[in-house]
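# Per-entry structural report
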Amino acid sequence: MHHMTLAEIARGLADKKFSSEELTRTLLARIAQLDPQINSFISLTEDLALAQAKAADARRANGESGALLGAPIAHKDLFCTQGIRTSCGSKMLDNFKAPYDATVVSKLAAAGTVTLGKTNMDEFAMGSANESSWYGAVKNPWNLEHVPGGSSGGSAAAVAARLLPAATATDTGGSIRQPAAFTNLTGLKPTYGRVSRWGMIAYASSLDQGGPLARTAEDCAILLQGMAGFDPNDSTSIDEPVPDYSASLNGSLQGLRIGVPKEYFSAGLDPRIAELIQASIKELEKLGAVIKEISLPNMQHAIPAYYVIAPAEASSNLSRFDGVRFGYRCENPKDLEDLYTRSRGEGFGSEVQRRIMVGAYALSAGYYDAYYLKAQKIRRLVKNDFMNAFNDVDVILGPTTPNPAWKLGAKNSDPVAAYLEDVYTITANLAGLPGLSMPAGFVDGLPVGVQLLAPYFQEGRLLNIAHQYQLNTDWHTRTPTGF
Ligand code: GLN
C-alpha cells in the first residue's frame, strides 16, 4: 500500500479497494517502524489522522469524491496547525501550539486530506541540508550518511522513504526543489503569491512560497490544486483563477521552446550531473521540444544578493520571538534586557543567530544603501534577465543543484560552501517565478534533479512537461533500498 502515489490512492479509494482509515493505519505503522532511521517527523498526529480518515471515508460513503479526499499527507512544521505544536525546527517554538490553521492547512483539510504529522526542517527554514533543526538532522533514505537537502528535508525524506505519498513544503531559495533533487522526488515552487502564506511562519516574506513535494508531477498537480488560490488574509496573495492542473498534464511538447542558459554549465557543476542534464534534454527533444542556448548574465550576483535580502527580512521577521509573546523564555531573567537577550540567545541556534546578525547589519543606517539597496537592485537585474529570456523561450532548463547530496556534517564548518549550493534555485525566488525539480538520474547512487523554470503562473506548463518526461523515463519510480 505504501508504494502508491496520490493518483493511485484516489483511484483505490474511489474503487473501494481499501478505506482511508486502513491506509492511514498502515502508514502510521510504517512511520513508527522506519522513521527512527531518518528522523523525518517532529510530531505525529495519530488521533487527528484517524479522525480525518474516518471522516473522509464517511464523506465518500455519502457520495462525495475528490482526488484528495482521504489522502494521507504531512505538513512541514512551519505551517500553523491549530492546537498542535508548530516548532519551525526551533527550540524557540518547541512549546508553541498554533492557535489557528494556516490557510494551506485548512484548505487541504477541507479537501479531505489526512494529516499524519509535522515534518522536520532546518531551523526557521534556514539551510540546504536539514542539519540545523533543533530536533536533529534528517537522513537521506538513499544513503543514511548523506543529507536529504533542506530546508524541507523532513517532508522530502518521508516521501522518498514511502512513509507517505506527498507532503507540503516551502521554498525561499530552493527548499522544495533542492531536497526534491537530493531524494529523487518531484517538487514545485509556485509563482510568488499563488499559494497563501497566511499561517506559514515567515523566514523571508518576499521570497517564501509554499508548494508540493511528491514522487510524480501528476501528484504535485493534485496537491497544488488543494493549496493554490487567492487568500484575502495574505496581502501578497494574487487574485488569479486557479487552473485545473491535472487537466493540463497531457498537452503535447511539440514545438516547446526550452532555453538552456550557458552560465549553468560552469566550473562549479559536477560533470556527471551535466551529463545527466544533457540526457534529459535529449529526452525532451525526442518529445518535440526545441532547444535554444540563452544567457542569464546577472546570475553570478544572485547568491550574494539573496544572502543579504533573505537575512535582512529574517532579522525583521524573527524580532517577534522575544521571550514575551511566543515560545521559549529563559529562566529567571534579571530585567527586560536580560529576558530578550537570553531568551533569543538560548532559543535560537547558531545559523539563525548568524542570519539575524547579518540581516541587522545590512539594514543598519550606515550600511543600508551599500548592502540592502544594492541587493534589491541586483534582484531587479536578475528578474530582467528572465523576462528577456522568456521573450524567446517557453521554459528554462538546467540542473537543480551543482552537486549531489553531501555527507552529513561535510559543510558544517563553512556556511558559505552550503550557500553556494543554492546557485541554480535562488534566482527563481528573487524573481518570484515558478520552478520545478524532477528526477533525472543518479550519481554514485545519489539522485540528481533537473530544474525547469517558467513565466509567472505557468505552473501547469511545468507540470505538463514533467509529466510527459515521466511517462517516458523511469527515474522517478526508483525506490531507495530498505524503504
Ligand atoms: N538554502 C537557502 C537558505 O538557507 C534556502 C532555504 C529555503 O528555501 N527555505 O536560505
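Check the entry above for the structure.
In what follows, the accompanying structure is described. (Residues numbered from 1 in each chain as written. Predicted model: local features only at pLDDT ≥ 70, side-chain atom pairs only at ≥ 80, totals over all residues. Heavy atoms only, no water.)

### Some details on the environment of Pro455
- Relative to the helices and strands, Pro455 resides in the loop between strand 11 (446-453) and helix 15 (459-472).
- Sequence separation between Pro455 and Ala428 is 27 residues; the distance between their C-alpha atoms is 9.9 Å. (Helix = DSSP H or I, 4+ residues; strand = E, 2+ residues; numbered from the N terminus.)

### Concerning the sheet that holds strand 8 (residues 290-294)
- Strand order in the open sheet formed by eleven strands is 1-3-2-4-6-5-10-11-9-7-8, and the pairing between neighbours is mixed. Both edges of this open sheet fall to strand 1 (41-44) and strand 8, since each of them pairs with a single strand only. Across the sheet, the axes of successive neighbouring strands diverge by a mean angle of 30°, strand direction being ignored.
- Alignment of strand 1 against strand 3 (residues 114-119), held across three bridges, turns out to be antiparallel. (Pairing = 2+ DSSP bridges. Axes fitted to C-alpha atoms, helices over the stretch in contact; angles between N-to-C directions.)

### Details of helix 15
- Taking 1.5 Å of rise per residue, 14 residues should cover 20 Å, and helix 15 covers 20 Å from first to last C-alpha, within 8% of that figure.
- When you tally the buried positions in helix 15, you get eleven out of 14 residues, the bulk of the element.
- For helix 15, the elements touching its buried residues are strand 5 (186-189), helix 7 (217-227), helix 8 (271-286), strand 9 (395-399), strand 10 (435-443) and strand 11. (Expected span 1.5 Å × (residues − 1). Buried < 20%, exposed > 50% of the residue type's maximum accessible area, 1.4 Å probe, protein only. Contact = heavy atoms within 4.5 Å.)

### Some points on the site of the ligand
- Taken together, 15 residues form the shell around the ligand, and within it Ser128, Gly173, Ser175, Tyr203 and Tyr306 come nearest.
- Contact between the ligand and Ala125: a nitrogen atom at 2.8 Å from a main-chain N or O atom of the residue.
- For the shell around the ligand, the class distribution of residues is five nonpolar, seven polar and three charged. (Near = heavy atom within 4 Å. Polar contact = N/O pair within 3.5 Å; in protein donor to acceptor, adjacent residues only side chain to side chain. Nonpolar A, V, L, I, M, F, W, Y, C, P; charged D, E, K, R; others polar.)

### As for the nonpolar core
- Counting residues in each nonpolar core, the largest one holds 106 residues, and the members touching the most others are Phe124, Leu284, Phe386, Ile396 and Leu463.
- Residue contributions to this core peak at nine residues, all from helix 9 (residues 302-317).
- Counting 35 residues, the second-largest nonpolar core is a separate cluster that includes Leu27, Leu50, Ala74 and Leu446. (Core = buried A, V, L, I, M, F, W, Y, C linked by side-chain atoms within 4.5 Å.)

### Quick word on the packing of helix 11 (residues 350-363) against helix 12 (residues 368-389)
- For the pair helix 11 and helix 12, interaxial distance at closest approach is 7 Å and the crossing angle is 105°. In terms of axis orientation, helix 11 runs roughly perpendicular to helix 12. In this structure, helix 11 uses Tyr361, Ala362 and Leu363 to contact helix 12, whose residues at the interface are Tyr368, Tyr371 and Tyr372.
- When grouped by side-chain class, the residues that make up the contact of helix 11 with helix 12 number six nonpolar, no polar and no charged. (Parallel < 35°, antiparallel > 145°, perpendicular 65-115°, else oblique.)

### A word on unusual backbone geometry
- Backbone torsion omega between Gly150 and Ser151 reads 0°, so that peptide bond is classified as cis.
- Relative to the elements of secondary structure, Ser151 occurs in the loop between strand 3 and helix 5 (153-160).
- Notably, Asn184 is not glycine yet its phi reads approximately 70°, a positive angle.
- Relative to the elements of secondary structure, Asn184 occurs in the loop between helix 6 (177-183) and strand 5.
- Given the relative accessible area of 2%, Asn184 is considered buried.
- Its identity as a non-glycine residue notwithstanding, Phe457 has a phi of 65°, on the positive side.
- Looking at where Phe457 falls in the secondary structure, it is placed in the loop between strand 11 and helix 15.
- For Phe457, a relative accessible area of 24% corresponds to the partly exposed category.

### So, a nonpolar patch on the surface
- Among the surface-exposed residues, Val324, Leu336 and Tyr340 lie close enough to one another that they form a single nonpolar patch of about 260 Å² accessible area.
- Inspection of the secondary structure assignment puts Val324 in the loop between helix 9 and helix 10 (336-347). (Patch = residues over 30% accessible without salt bridge, like charges linked within 9 Å, V, L, I, M, F, W, Y side chains within 5 Å. Areas by Shrake-Rupley, 256 points an atom, 1.4 Å probe, with all protein chains shown as cover. Salt bridge = Lys/Arg side-chain N within 4 Å of Asp/Glu carboxyl O.)

### Things to note about the pattern of salt bridges
- The tally for this structure, following the rule as stated, stands at 20 salt bridges.
- A salt bridge links Asp171 to Arg177; its shortest N-O distance comes to 2.9 Å.
- Through salt bridges that share partners, Arg257, Asp394 and Arg461 make up one connected network.

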